[in-house]
Amino acid sequence: YHIPAEARIIAASGVNLEERVAANRFSAELFYLLNTFSINIPPLRERMDDVPVIVKQELSRISIRLKRKIGITDAALERLMSHKWPGNIKELQHVLEFSAYLAKDDMITDESLPENVGISQNEKESPLIERVRAFEKNEILKMLEFYGNDLAGKKTVAQKLGISLASLYAKIK
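The structure displayed is predicted, hence computed values, not measured ones.

Rules used throughout
- Residues numbered from 1 in each chain as written.
- Predicted model: local features only at pLDDT ≥ 70, side-chain atom pairs only at ≥ 80, totals over all residues.
- Heavy atoms only, no water.
- Helix = DSSP H or I, 4+ residues; strand = E, 2+ residues; numbered from the N terminus.
- Buried < 20%, exposed > 50% of the residue type's maximum accessible area, 1.4 Å probe, protein only.
- Contact = heavy atoms within 4.5 Å.
- Areas by Shrake-Rupley, 256 points an atom, 1.4 Å probe, with all protein chains shown as cover.
- Lys, Arg positive; Asp, Glu negative; His and termini not counted.
- Charge placed at Lys NZ, Arg CZ, Asp CG, Glu CD.
- Patch = residues over 30% accessible without salt bridge, like charges linked within 9 Å, V, L, I, M, F, W, Y side chains within 5 Å.
- Salt bridge = Lys/Arg side-chain N within 4 Å of Asp/Glu carboxyl O.
- Arc of directions from axis to C-beta.
- Core = buried A, V, L, I, M, F, W, Y, C linked by side-chain atoms within 4.5 Å.

A. Structural detail: the overall build of the chain. Each helix and strand counted, the chain has eight helices and two strands in total. In sequence order, the chain lays out its α and β elements as α-α-α-β-α-α-β-α-α-α. A principal-axis box enclosing the C-alpha atoms of the chain has dimensions of 65 × 55 × 20 Å. When each of the 173 residues of the chain is scored for burial, the buried share is 26%. For the chain, long-range pairs separated by at least 24 residues make up 57% of all intrachain contacts whose partners lie at least 6 apart in sequence. For the chain, the accessible surface area stands at approximately 13,000 Å², while carbon and sulfur atoms represent 55% of it. With 25 positive and 24 negative side-chain charges, the chain shows a separation of 2 Å between the mean positions of the two kinds.

Have a look at this one:
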């Protein structure tokens with residue numbers, strides 16, 4: 001039998017497919033077939049102003065499921081805003097879910113957040129860590145000046161440092 005069908009395909013990628021096509025690491029034919037309508041949504045770490053809105057929405061959803069109203073303290077929200085969210089919104093959702101179960105008096109506090117999330121009020125970065133990061137960034141910028149600040153130069157610098165291109169971008173920022 002031949003049954004006509006209409007389908008729409010929605011595809012998402014965490015990598016820049018145009019760069020992959022240019023480097024012959026992704027099929028140009030497939031890219032242009034999929035790339036009819038493109039929406040670029042930056043990662044959560046690049047739109048930190050969205051964190052409070054997402055937290056409010058997620059806590060509402062979690063509250064309905066747990067059948068109790070879950071809130072969050074200002075200190076906990078501040079700590080969520082200091083996190084880089086490498087796992088994007090899914091990571092934030094899981095952190096809130098985890099913390100909601102540990103919440104005393106139905107309130108997520110700084111203490112109920114996982115230890116690896118953000119910088120707690122008591123652990124602000126030391127001056128030494130700040131200096132090391134500044135030195136690292138300065139050295140990377142010198143390398144980019146030497147090898148070029150274009151994609152090829154950045155790839156070369158990342159390779160020489162033994163890190164991924166994504167890590168290089170994070171260190172520059």
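Here the narrative resumes.
B. Quick peek at a nonpolar patch on the surface. Side chains of Ile9, Leu30, Leu33 and Leu34 sit close together on the surface and give an oily, nonpolar patch of about 400 Å² of accessible area. The topology assignment puts leucine 34 in helix H2 (residues 28-34).

C. Summary view of helix H4 (residues 74-81). Taken residue by residue, H4 has Ala76, Arg79 and Leu80 as its buried positions. Down the axis of H4, the smallest arc covering the buried residues is 100°, so these residues share one side. The inward-facing, buried residues of H4 contact helix H3 (51-66), strand S1 (71-72), helix H5 (88-102) and strand S2 (107-108).

D. The arrangement of the nonpolar core in detail. Residues Val51, Val55, Leu80, Trp85, Leu92, Leu96 and Ile108 are the most contacted members of the largest nonpolar core, which totals 19 residues. Contributions of two or more residues to this core are made by H3, H4 and H5.

E. Expanded view of the environment of glutamate 19. Take glutamate 19: it is sitting in helix H1 (residues 17-22). For glutamate 19 and leucine 151, which are 132 residues apart along the polypeptide, the C-alpha to C-alpha distance reads 8.5 Å. Once residues lying within four places of it in the same chain are set aside, the contact partners of glutamate 19 are Leu151, Leu165 and Tyr169.

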